[in-house]
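These are the residues of each chain, in order.
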Amino acid sequence: MGRYSSCTYFQTLYEAAKSNFPAVSSADAATILRETILAPDDYEVDFNGTVYTRPELLNMFGHTLTQNCIANDKETTHAMILETAADIIKHMNDGYISQDDYSNRQEFLDKISRYEFMLFAALAFIKVSGEDNTLLFGELTLNIVRLREIKDLIENYTPDTVNHETTIQDFERAKPIYKMLKSLQNLGYNYNFSFKERVTLGIDHEEDEDLGDKFNFAHWLKRLMLLQLRKEISIPTTTADTVINADSAEETLSSYDRIARLRGIYNKRRFDIHRFNMIEQTKNTSIEDTETQN
């Protein structure tokens, strides 16, 4: 599974499903997504009289995720990311790392990681759907690589700390990275680093296994979905929109939540040794009192 095994940004996939089926509840949209990923190839969804096949649903979700990552156009979006990255490199090496500086760094890394996950999932959905679009695959892959490179630069050239005094050596080391990021803003995302540059900067992703021709995106999607389900089943609460009211609760519960309710997952208590000892002590005291009275 590699870098996405934590399922940190899985909610973005549910949001993509919801945006494609706005008339259904979030729980039902989530069910459609789960079944689309895990179902056999002949799976179909009948929605308002329109039948969607599994490849159509996969393709729909993939293109929605792609659009959700892009503001204006790809070049403008990438230029904005490069500008923010340059500012973070500058402020994290200009003498003192404030709480604001560090918070901006962390928020940016989280945003980049989220975009990367969404684009990778989009690539997976579209490839598994059977769409043959070499140009789109190349664009998505290149954008993923660019995001990984920028994230590497932030992690390699800014300290992961706060309320910290940086040195002149830190500044001099970061200055060429800042200038490079500023200059790249005018080139779009289709620029090239030499192999030597990538290795020197610590941003080489040419050999990433999950971007290779032999990577199995169908298996990746299924494993990711199963990991997310395992994560969800360990949470003893339902989402806010799972149950609307007592009368319609059973109808609005997803099949997953119905199974969980039947198994009693939401009602189980952990064994409490202190409570057990208290009950036992009370019981023994009652027995002794009864025997004394007799």
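Residues numbered from 1 in each chain as written. Predicted model: local features only at pLDDT ≥ 70, side-chain atom pairs only at ≥ 80, totals over all residues. Heavy atoms only, no water.

**Q** I would appreciate a short explanation of empty space enclosed by the protein in the present structure.
**A** Rolled over the atoms, a probe with the dimensions of a water molecule shows which regions are left empty. Following the criterion strictly, the structure yields one cavity of 30 Å³ or more and no others. By volume, the largest cavity amounts to about 130 Å³. Lining the largest cavity are 13 residues, and of these Cys69, Ile70, Thr77, Leu119 and Asn143 lie nearest its centre. Taken together, the residues of the lining of the largest cavity break down into seven nonpolar, four polar and two charged. (1 Å grid on protein atoms, 1.4 Å probe; cavity = no way out; pocket = protein on both sides within 12 Å on 5 of 7 lines; lining within 4 Å. Points joined across faces, edges and corners; volume = space filled by probe spheres on them. Nonpolar A, V, L, I, M, F, W, Y, C, P; charged D, E, K, R; others polar.)

**Q** Is there a simple way to think about the packing of aromatic side chains in this case?
**A** Each pair of aromatic rings is reported with the distance of its centres and the angle of its planes. Following the criterion strictly, the structure yields 13 aromatic pairs and no others. Ring geometry for Phe10 against Tyr14: centres 5.1 Å apart, planes inclined by 75°, an arrangement best described as edge-to-face. Each member of the pair Phe10 and Tyr14 is classed as buried. The interplanar angle of 80° and the centroid separation of 4.9 Å between the aromatic rings of Phe120 and Trp220 together place this pair among those described as edge-to-face. Of this pair, Phe120 sits in helix H5 (residues 99-129) while Trp220 is found in helix H9 (residues 217-233), placing the two residues 100 residues apart along the sequence. Here Phe120 falls in the buried class, since its relative accessible area comes to 0%. A residue is classified by how much of its surface remains accessible, and Trp220, at 3% relative accessible area, is buried. (Phe/Tyr/Trp six-rings, centres within 6.5 Å; stacked < 30°, edge-to-face > 60°. Buried < 20%, exposed > 50% of the residue type's maximum accessible area, 1.4 Å probe, protein only. Helix = DSSP H or I, 4+ residues; strand = E, 2+ residues; numbered from the N terminus.)

**Q** Teacher, can you tell me more about the pairing of strand S1 (residues 44-47) here?
**A** A regular strand places its side chains on the two faces of the sheet in alternate fashion. Along S1, the buried face is formed by Val45 and Phe47; none of Glu44 and Asp46, which line the opposite face, is buried. Adjacent in sequence and paired antiparallel, S1 and strand S2 (residues 50-53) are bridged by two residues, among which Asn48 carries a positive phi angle near 55°. (Pairing = 2+ DSSP bridges.)

**Q** Help me out: how do you make sense of a negative patch on the surface in this one?
**A** Taken together, the side chains of Asp42, Glu44, Asp46 and Glu56 define an acidic patch exposed on the protein surface. If you trace the backbone, Glu56 turns up in helix H3 (residues 54-68). For Glu56, a relative accessible area of 40% corresponds to the partly exposed category. (Patch = residues over 30% accessible without salt bridge, like charges linked within 9 Å, V, L, I, M, F, W, Y side chains within 5 Å. Areas by Shrake-Rupley, 256 points an atom, 1.4 Å probe, with all protein chains shown as cover. Salt bridge = Lys/Arg side-chain N within 4 Å of Asp/Glu carboxyl O. Lys, Arg positive; Asp, Glu negative; His and termini not counted. Charge placed at Lys NZ, Arg CZ, Asp CG, Glu CD.)

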